[in-house]
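Chains, contacts and geometry: an overview
These are the residues of each chain, in order.
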Amino acid sequence: MNLNKNIPEEKIFFFDNRSIEFVQDLKRTVEIPNKYKEPIIRKDKPWERLPYIANSVWTIIQDSQTGEFHCWYEDWDVNPTGLIGSKADIHDPSVARSRLCYAKSSDGFNWLKPELNLFLHKGKETNVILGPSFDNNTDFGSIHCPSVLEDPLEKNPLKKFKMIFQHVLANDRNQFKIQDNTGRFENLQSPMRLAFSPDGINWEIEPQILNFGGLGPKLGDVVVISFDPKFGRYVLNTRHPDAWKIDYGIFYPDNKNWSIPYFPNNLDQNNKRRIYRTYSYDLFNWTELTEILAADSTDDNLDDSFYSMSSWMVSSTRPETSIHPSRKLDLYVGLANVFHQVDNTLDVQLVFSRDGHNWNRTNKRQPFLNNGPSNSWDQYQVAVPSTPITINDKTLIFYGGSNTHHDWWITGPRENLDIPEAKDTSLVSHGIGIAEIGYDRYICLETNNLREGLLVTKPLQTGSKHLTVNGQCNENGYISIEVLTENGEIINGFSKNESKGFQGNSIEHEYQWTNPNNQALPNWVILRIWMKGSKLYTLRWG
C-alpha cells in the first residue's frame, strides 16, 4: 500500500486563525451533523445480552479493498444485583462476562449480523466471533473495550486486521485487582492484548506481551486505535490506568458513591477521566502515555470529564511549505466524548490540533453531537469511538447511543439509587446510529445577506493556478475571490471584477476567472475574498 496516497492533501480550514490575516463581518460557525432518527445496529438477536455500544467499546470501518463495512462490538452479560454488598469491579468475572460480535454492511446503512459456526446458542449459529460462550463454561475469559484497525503497513494478508482489547480472565481478581486509598471499590486492571485476523471474523491472539511505556500491558479500559499515515505510526487514545489513584485526604467520608471526589484547586490531585496518547511502530512496544486533553476547573463544569476520543488527520503540510510561518503544521480533528457525572450523560465535542498533542475545543465547548430528545433511543448517551467515513460528498459519523444513563443502571442496585433502570435492566437499550455532515464541513466562515463580509488570507503557496472552494451560498449569496501578490498588488487577470464568482453549493468547486493571465502565478499569493449570504469551509490549491 502506498502510504503517500493516504496522507490528506493540504487544505485551508478555518478551525483557527492560522491562515487569516483579517476578517470583516464574518463569523466562525460549527456545523451540526444531521442525525438519522433510528439506530442502524441494536439488540435484535436472542443470543445477545446487552450490545454495550452506547460509548466506546465498538468499531466501524470501511474495508479499503472490498468497500464493505465492518462492525465489531462488545456483548456484555452483567449482573448489577451481584454488586450489592460487594466491592468488585463492574467487569469482575464474578459479576460480568463479555464477548466480541460482528456485523457487516454493503452501504453502511443496512446491516447484517451473519450467523457463523464459531459460537452456538441453543444449537444455532450466532454472530459471536471471540470470547466466552455464555451457554457453557470456558476458560477463555472475557473481551472488553475492543478497538479494531485495518493495518495499512501489514503485508501478510492473514494479519490484515488488528485488534487491541482488554483480556479479563477468571483469576485476574487475584493478580490484577487494586483499590482506591479508601478501600471502597476495586479496579480490575487486566492486561491488554493484540489479536490479528484476515477477514475480521477469525481471530488469533498474539502471544507477545504488550508494553505501554513501562506500564507493561496495563491501560485504562478505553482504547481507540488509529494510524497516522504521515509519520507511519500507530496511535492509541486511551486512559492512564493509574490516573484515578490519589489520596482523598482525611476529610473524605466513606460512602457508597461509585463516582470519585474531585479537587479543583489542586492539579496534583486531578483524577478525572481524561485522554492520554501513546504511539507505536510495531503495535507491541508503545511510548510513555502523555496527557493530551483534560477538562479544566474554569470553563468546564465541576463534574465534566473526557471519556474517550477518536481523531484523524484532515490536512497535511507539504515539505516545501513547512518553513513558512502560516503553513507550519498539520491539522487533526477529533471527536471527544464528554461525560457529565451528575446528570450521568455523554455527548460529543469537536476538537482540533496542529500537532496531535495540543488540542483545542470549538463551539464554546458546546456539543457537536448532542443527546436526542425525550423518549428517543439516544436521549442520555451519545459517543463516537470510530473515525467518520466519507462516501461521495457526505461524511458519516457512526455514534453510539442509549436511552439510559451511563452507570446508574449498573451500580444503582449497590448504591440503592431510586431510578427505574437501576431496578429493571430490561429497560436498558444501546444502539449505533448515524449522523451525517458534508465532506470537510466541520467549521466555516459565514456571513448573512445584509453586509458583505471580507476575508484576507495570510500568504498561501499556490502549487498551481487551480483554486478549489468548498462553499455554500443561499439563493442570493455569493463568494468572490481575487488574487494578490505578497506586496498587496492585484495580479492581472485575477481581480474581483474578472472573477466569475461562486454561487451554489459544492464541496469541490474549481474557482475561475473570465480572463486569467496565462503566466504562472507567483509561488506565494494572498487571497481577498468577498462573501454575502454564504459559508466558506475550505480552500485548496491544485
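Structure shown above.
Residues numbered from 1 in each chain as written. Predicted model: local features only at pLDDT ≥ 70, side-chain atom pairs only at ≥ 80, totals over all residues. Heavy atoms only, no water.

1. Description of the nonpolar core
Ranked by internal contacts, the top residues of the largest apolar core, which has 32 residues, are Trp 76, Ile 164, Met 192, Phe 212, Leu 236 and Trp 409. Looking at this core, the elements with two or more residues in it are strand S7 (69-78), strand S13 (142-150), strand S17 (192-197), strand S20 (223-228), strand S21 (233-238) and helix H2 (408-415). Looking at this core element by element, the count peaks at 3 residues for S20. When near neighbours in sequence (up to four residues on either side) are disregarded, Ile 164 contacts Cys 145, Pro 146, Ser 147, Met 192, Arg 193, Leu 194, Val 223, Ile 225, Leu 236 and Trp 286. (Core = buried A, V, L, I, M, F, W, Y, C linked by side-chain atoms within 4.5 Å. Buried < 20%, exposed > 50% of the residue type's maximum accessible area, 1.4 Å probe, protein only. Helix = DSSP H or I, 4+ residues; strand = E, 2+ residues; numbered from the N terminus. Contact = heavy atoms within 4.5 Å.)

2. Structural notes on unusual backbone geometry
The phi angle at Asn 363 is positive, at roughly 55°, despite the residue not being glycine. Within the secondary structure, Asn 363 is located in the loop between strand S28 (359-361) and strand S29 (381-383). Under the relative-accessibility criterion, Asn 363 is labelled partly exposed at 31%. Phi at Asp 440 is positive, roughly 60°, even though this residue is not glycine. Mapped onto the secondary structure, Asp 440 falls in the loop between strand S32 (430-438) and strand S33 (443-446). Of the residues examined, Asp 440 reaches a relative accessible area of 6% and is grouped as buried.

3. What about the pairing of S33?
Burial of the side chains of S33 extends over both faces: Ile 443 and Leu 445 are buried on one face and Cys 444 and Glu 446 on the other. Of the strand pairs in this sheet, strand S2 (residues 27-30) and S33 are connected by 4 bridges, and their pairing is antiparallel. Each residue of the ladder has a partner; that of Arg 28, found in S33, is Leu 445. As defined by bridge partners, S33 adjoins strand S38 (residues 524-541) across 2 bridges and the pair is classed as antiparallel. Across the sheet, the residue bridging to Leu 445 is Leu 536, located in S38. (Pairing = 2+ DSSP bridges.)

4. Observations regarding the state of the cysteines
Counted by the stated rule, this structure contains 0 disulfides. Cys 71 carries a free sulfur, and the closest cysteine sulfur to it, the one in Cys 101, is 9.5 Å from it. Of all cysteine sulfurs in the structure, the one in Cys 473 sits closest to Cys 444, which takes part in no disulfide; the separation is 11 Å. By relative accessible area, Cys 444 is classed as buried at 0%. (Disulfide = S-S within 2.5 Å.)

5. Section: the side chain of Asp 330
Structurally, Asp 330 can be placed in the loop between strand S25 (304-315) and strand S26 (331-340). Residue classification places Asp 330 among the buried residues on the basis of a relative accessible area of 7%. In terms of polar contacts, Asp 330 uses its side chain to reach the side chain of Ser 316, at 3.3 Å. (Polar contact = N/O pair within 3.5 Å; in protein donor to acceptor, adjacent residues only side chain to side chain.)

6. Brief notes about the packing of aromatic side chains
Overall, the coordinates contain 20 aromatic pairs when judged by the stated rule. Seen from their ring centres, Phe 69 and Trp 111 are 6.4 Å apart, and the 70° between their planes marks the pair as edge-to-face. On the criterion of sequence distance, the pair formed by Phe 69 in strand S7 and Trp 111 in strand S9 (residues 111-112) is long-range, its members being 42 residues apart. Judged by its relative accessible area of 17%, Trp 111 is buried. Taking 6.4 Å as the distance between ring centres and 80° as the angle between the ring planes, the aromatic pair formed by Trp 72 and Trp 203 counts as edge-to-face. With Trp 72 in strand S7 and Trp 203 in the loop between S17 and strand S18 (204-205), this pair connects stretches of sequence that are 131 residues apart. This pair shows no difference in class: Trp 72 is buried, exactly as Trp 203 is. Aromatic rings pair up to connect Phe 13, Phe 15, Trp 312, Phe 352 and Tyr 442 into one cluster. One Lys or Arg, Arg 233, reaches over the ring of Tyr 279 and ends 3.8 Å from the middle of that ring. (Phe/Tyr/Trp six-rings, centres within 6.5 Å; stacked < 30°, edge-to-face > 60°. Lys NZ or Arg CZ within 6 Å of the ring centre and 35° of its normal.)

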